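Summary of structural features
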Amino acid sequence: IRKLQTRTGCTIEGVDLVESLVRMGRAETEAAGLEGKVNIRQGTIFDIPFPDDHFDFVFCRDMLSVDEDLPKAVSECERVLKPGKFMLVYVTLATELLSADEADEFRQHLGCFSLDRDVMEACLSDAFAVEKRIVLGSQGVQQRVESGDDEAIRNLVKVARLETWRDEYVAEFGQRSYEIALA
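1. Description of unusual backbone geometry
You will see that Asp53, though not glycine, has its phi angle at about 50°, which is positive. Following the sequence through the fold, Asp53 ends up in the loop between strand E2 (38–42) and strand E3 (55–61). Among the residues examined, Asp53 registers a relative accessible area of 42% and is labelled partly exposed.

Now the structure itself:
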């Protein structure tokens, strides 16, 4: 989100359920000198802490697939979005490329409830006009790492650290928070 702010100059309001991720995001925002331009607060997609018709653009990354009440989450996104404006949904879904065992593990570790692409698209199209759907695999991340992209490499290092200091992280933030951060 900090790259988006730098490229567009817009003010960004971030909402995350996990307090440790809010603290981390605030620290990274401060280190980037973007305080007041990027604001991150704790909240839930079921009760987004902003008034109706507030945003010109909503970017929802990997939230809709982890919510057990998909229609309520989509409705709340629609509520805070100004009429005629746009929402970009980035969602991780289990596909036919995963075996049944892999899909179950995927659901367990990511906490995903709504992994069926058709269910997701139907729910979104009830509230929004879906203009375009792009299916991505891991190719983009692989290419970024291979090209030396600093952010992709830092993310791999974060995963390695999470695995190295698993017990300490779980002791401070809890098992569920660890699984979400690792995912």
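2. Some thoughts on the packing of aromatic side chains
Counted under the stated rule, the structure contains three aromatic pairs. An angle of 50° between the planes, with centres 4.7 Å apart, marks the rings of Tyr169 and Phe173 as tilted. Placement of both Tyr169 and Phe173 in helix H8 (residues 166–173) is noted, with a separation of four residues, approximately one turn of the helix. In this structure Tyr169 comes out as buried when scored by relative accessible area, which is 15%. Here Phe173 falls in the partly exposed class, since its relative accessible area comes to 28%. Members of the aromatic cluster, each reached through a chain of ring pairs, are Tyr169, Phe173 and Tyr178.

3. Quick word on the nonpolar core
If you look at the biggest cluster of nonpolar residues, it comprises 18 residues, and the most contacted ones within it are Ile45, Leu64, Val74 and Met87. Mapped by element, the contributors of at least two residues to this core are E3, helix H3 (70–80), strand E4 (81–90) and helix H5 (117–127). For this core, the element with the most residues is H3, which contributes five residues. One finds Ile12, Val22, Leu34 and Val38 within the second-largest nonpolar core, a separate group that totals five residues.

Rules used throughout
- Residues numbered from 1 in each chain as written.
- Predicted model: local features only at pLDDT ≥ 70, side-chain atom pairs only at ≥ 80, totals over all residues.
- Heavy atoms only, no water.
- Helix = DSSP H or I, 4+ residues; strand = E, 2+ residues; numbered from the N terminus.
- Buried < 20%, exposed > 50% of the residue type's maximum accessible area, 1.4 Å probe, protein only.
- Phe/Tyr/Trp six-rings, centres within 6.5 Å; stacked < 30°, edge-to-face > 60°.
- Core = buried A, V, L, I, M, F, W, Y, C linked by side-chain atoms within 4.5 Å.

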